[in-house]
Amino acid sequence: MNGKKKVMILGASRYYIKSIMAAKEMGCKVIVTDKNQDAEGFKNADFFEAVDITNIQASIEVAKKYHIDGVVAVNDFGVQTAAAIAESLSLPGIGSDVAKYATSKAWMRRIWEEADVPSAKFEIIHSVKDAYEAVDRLGMWPLIVKPADSRGGASRGVSKIQEIAQLKNAVEFAQSFYESNEVVIEEFLDGIEHSMETLTCDGVTHVLAVSDKVKTPPPYRVDQSVIYPTIYQGPELQKIHEAAISAVKALGIKLGAAHVEMCSTKDGPRLFELGARCGGGGTPDPIIPYLTGVEMFKEVVRMALGEKPQHLEPLYTKGCIYRFLMPKPGIVKEIIGLEEVKQWEGILDCEVLIKEGETIREVKTGGDRAGFVIAGADDRANAVALADLAEDFIKFINAQ
């Protein structure tokens with residue numbers, strides 16, 4: 001790769017340091033932006049600017065200032081901005097219309113319904129009054145209530161309700177996270193939930209990995225564990241792949257990464273939503289490289305620079321688990337065992353996100369989780385066993 005090529009990464013929190021470093025390993029000059037003036041990733045970049053990644057015009061000005069050759073969004077907040085930058089500078093990208101569809105659960109549902117892509121039955125509402133009428137039209141229980149805006153992920157505003165008495169609170173919870181009051185009410189899909197990582201080049205989508213998810217108990221729907229690989233094999237796994245590929249194609253994504261979420265039901269795979277970027281947190285690194293041998297973020301950077309990717313299919317399959325720490329709520333007096341666990345063989349990453357003296361909250365969204373462990377092994381069962389040991393070893397001692 002030409003060492004003078006400049007890639008702009010939208011986002012510089014702790015989660016994106018590995019992505020920044022991956023781009024530098026490729027010989028790129030890396031420009032990062034983040035509204036946090038003290039973002040941890042700034043120290044790893046060649047250049048940085050404290051700019052809100054949702055501010056499209058300011059971000060375009062940064063891109064022009066550094067004469068970038070490619071731009072990558074690492075979360076949903078940056079997807080529309082990355083598309084606008086790419087259009088403004090005539091760089092590879094997904095286009096502004098596709099970016100809009102890929103950051104709205106409402107648009108996704110409409111497009112998938114029109115394209116006959118299997119997804120949940122749904123209604124789009126804007127008020128509690130609308131919600132009661134929508135529930136009548138759906139005529140089923142239980143239901144999922146979620147914001148239509150998909151930026152930010154982490155199950156923000158998502159809840160499962162069993163009866164009409166819970167509807168008002170669920171709608172208000174969904175509307176409390178974004179400026180838009182648009183809400184999706186959809187059927188609850190019963191089965192094993194999955195997340196999938198895909199790469200698309202020249203309009204052809206390749207599936208890198210499929211996980212099985214474990215969620216928190218109702219009413220909230222937050223990931224407790226993301227376990228690779230899925231238990232499904234053969235024709236059932238092929239159907240899951242086909243559903244993800246059809247979802248990406250229907251939205252018009254012809255280039256780059258997608259993070260797809262769905263459920264395997266008794267009637268086959270059904271889609272939840274999709275993000276036009278790599279999966280969050282440690283998904284693009286260390287999980288996908290360890291699991292498949294494919295350095296996912298580097299492939300995304302290559303495509304963003306207009307270069308040919310090297311690997312679009314898994315080179316092998318191991319076992320890996322993204323386990324989130326959810327200790328008992330309370331004020332933390334002491335945290336024990338974290339540094340020891342970080343040294344264990346097979347622990348790919350591990351962190352506690354709260355400090356002594358801070359409060360562990362009830363888990364309603366992903367941001368309420370206290371930390372995580374990423375464990376890897378030769379197979380799924382051993383990865384899960386290692387994560388179990390690590391979770392038990394890390395102790396949160398709460399003040400009385």
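Structure shown above.
Every chain begins its residue count from 1, and numbering advances along the sequence as written. Predicted model: local features are reported for residues with pLDDT of at least 70 only, side-chain atom pairs are reported and counted for 80 or more only, and whole-chain, interface and lining totals are derived from all residues. Calculation of side-chain values draws on the structure's entire complement of heavy atoms; hydrogens and water are dropped beforehand.

Chemist: Got a minute to help me understand the overall build of the protein chain in this structure?
Modeler: Each helix and strand in the protein chain was counted, giving 12 helices and 20 strands. Atoms counted for the radius of gyration: C-alpha only. Globule rule: 2.2 Å times residue count to the power 0.38. Since a compact globule built from 400 residues should have a radius of gyration of about 21 Å, the 21 Å found for the protein chain is in line with a globular shape. Taking the principal axes of the C-alpha coordinates as reference, the protein chain spans close to 60 × 50 × 45 Å. Any residue under 20% of the maximum accessible area for its type is buried, any over 50% is exposed, and the rest in between are partly exposed; the area is computed with a 1.4 Å probe on protein chains only. Across the 400 residues that make up the protein chain, the buried fraction comes to 56%. Here a residue-residue contact requires only that any non-hydrogen atoms of the pair lie within 4.5 Å. Counting contacts in the protein chain only where the partners sit at least 6 residues apart, residues at least 24 apart contribute 65% of the total. Split by element, the accessible area of the protein chain, about 17,400 Å² in all, is 48% carbon and sulfur. In summary, the charge assignment counts Lys and Arg as positive and Asp and Glu as negative, without counting His or the chain termini. Lysine's charge is taken at NZ, arginine's at CZ, aspartate's at CG and glutamate's at CD. Side chains of the protein chain give 46 positive and 57 negative charges; the mean places of these two sets differ by 2 Å. Under the DSSP-based scheme used, a helix requires at least four consecutive residues in state H or I and a strand at least two consecutive residues in state E, with every element numbered from the N terminus. The protein chains shown are the only cover counted for residues, whose accessible areas, like all others here, come from Shrake-Rupley with a 1.4 Å probe.

Chemist: Explain the sheet that holds strand 1 (residues 6–10) to me, please; I cannot follow it from the model alone.
Modeler: Two orientations exist for strands paired in a sheet by backbone hydrogen bonds: parallel and antiparallel. Sheet architecture is open: 4 strands sit in the order 3-2-1-4, paired in parallel fashion. Edge positions in the sheet fall to strand 3 (47–49) and strand 4 (70–73), since each of these pairs with one other strand and no more. Shown here is a sheet whose adjacent strand axes are inclined to one another by a mean of 20 degrees, direction ignored. Where strand 1 meets strand 4, 4 bridges bridge the pair, whose relative direction is parallel. Paired with I9 across the two strands is V72, which belongs to strand 4. Seen against the sheet, helix 3 (residues 79–88) touches strand 1 and strand 4 and runs at an angle of roughly 170 degrees to strand 4. Whether two strands pair depends on DSSP finding at least two bridges between them. Every axis in this analysis is a line fitted to C-alpha atoms, fitted for helices over the stretch in contact. Angles between the N-to-C directions lie between 0 and 180 degrees.

Chemist: Even after reading the chapter, I still don't get a nonpolar patch on the surface, so can you show me in this structure?
Modeler: Like charges within 9 Å and nonpolar side chains (Val, Leu, Ile, Met, Phe, Trp, Tyr) within 5 Å are joined into patches, using only residues over 30% in relative accessible area that form no salt bridge. When a carboxyl oxygen of Asp or Glu is within 4 Å of a side-chain nitrogen of Lys or Arg, the pair counts as a salt bridge. On the surface, Y132, W141 and I164 cluster together to form a nonpolar patch covering roughly 280 Å² of accessible area. With respect to the secondary-structure elements, I164 resides in the loop between strand 7 (159–161) and helix 7 (167–174).

Chemist: I'm lost on the sheet that holds strand 7 in this one. Help?
Modeler: The sheet built from 4 strands is open, its strands ordered 5-8-6-7 with antiparallel pairing. Whereas interior strands pair on both sides, the edge strands pair on one side only; in this sheet they are strand 5 (122–125) and strand 7. Within the sheet, the average angular offset between the axes of one strand and its neighbour, ignoring direction, is 25 degrees. With 4 bridges joining them, strand 5 and strand 8 (residues 183–187) adopt antiparallel strand pairing. Within the sheet, the bridge partner assigned to F122 lies in strand 8 and is E186. Strands in contact with helix 6 (residues 128–138) are strand 5, strand 6 (143–147) and strand 8; relative to strand 5, the strand with the most contacts, it is inclined by about 165 degrees. Of the strands in this sheet, strand 5, strand 6, strand 7 and strand 8 are in contact with helix 7, which crosses strand 6 at around 30 degrees.

Chemist: What is the right way to read unusual backbone geometry from this model?
Modeler: Comment: phi is negative for the bulk of residues other than glycine, and the bulk of peptide bonds are trans. The omega angle of the peptide bond from W141 to P142 is -5 degrees, so this bond is cis rather than trans. The amide bond that connects D285 to the next residue, P286, takes the cis arrangement and shows omega of 20 degrees. For S90, which is not glycine, the phi torsion reads 55 degrees and is therefore positive. The exposure class assigned to S90 is exposed, which follows from its relative accessible area of 68%. One non-glycine residue, D202, lies in positive phi territory at about 55 degrees. Here D202 falls in the exposed class, since its relative accessible area comes to 72%.

Chemist: Before we go on, may I ask you to explain the nonpolar core in this structure?
Modeler: Across soluble globular proteins, nonpolar side chains have a tendency to be buried as a group. Among the buried residues, those of types Ala, Val, Leu, Ile, Met, Phe, Trp, Tyr and Cys that are joined through side-chain atoms within 4.5 Å form a nonpolar core. The biggest cluster of nonpolar side chains holds 45 residues, and the ones touching the most others in it are M8, I68, V260 and L274. One finds Y16, V74, C278 and A304 within the second-largest nonpolar core, a separate group that totals 41 residues.

Chemist: Where do I start with empty space enclosed by the protein in this structure?
Modeler: Over the atoms rolls a probe the size of a water molecule, and in doing so it shows where empty space is left. In this analysis the probe radius is 1.4 Å and the grid spacing 1 Å, with only protein atoms considered; a cavity is a set of points the probe fits into but cannot get out of, a pocket is an open set with protein on both sides within 12 Å along at least five of seven lines, and lining residues have an atom within 4 Å of a point. Grid points are joined across faces, edges and corners, and a volume is the space filled by probe spheres set on the points. Applying the stated rule across the entire model yields 2 cavities of 30 Å³ or more. Of the voids in this model, the largest cavity is the one considered here, and its volume is about 250 Å³. Along its surface, the largest cavity is lined by 19 residues, and V71, A73, I94, L255 and A276 are the ones closest to its centre. Where the lining of the largest cavity is concerned, the elements lending two or more residues are strand 4, helix 3, strand 13 (256–265) and helix 10 (296–304). In terms of residues, the lining of the largest cavity owes the most to one element, helix 3, which gives 4 residues. Counted by class, the lining of the largest cavity contains 16 nonpolar, 2 polar and 1 charged residues. Space inside the second largest cavity adds up to approximately 70 Å³. Here the term charged refers only to Asp, Glu, Lys and Arg, the term nonpolar to Ala, Val, Leu, Ile, Met, Phe, Trp, Tyr, Cys and Pro, and the term polar to all other amino acids, Gly among them.

Chemist: Is there a simple way to explain the pattern of salt bridges in this structure?
Modeler: Side-chain pairs of opposite charge can arise whenever the charged atoms involved come near each other. For the structure shown, the criterion picks out 30 salt bridges. A salt bridge links D76 to R277; the shortest N-O distance between them is 2.8 Å. Linking D76 in the loop between strand 4 and helix 3 with R277 in the loop between strand 14 (268–275) and helix 9 (283–292), this pair joins segments that are 201 residues apart in sequence. Exposure class is identical for D76 and R277. Each is buried.

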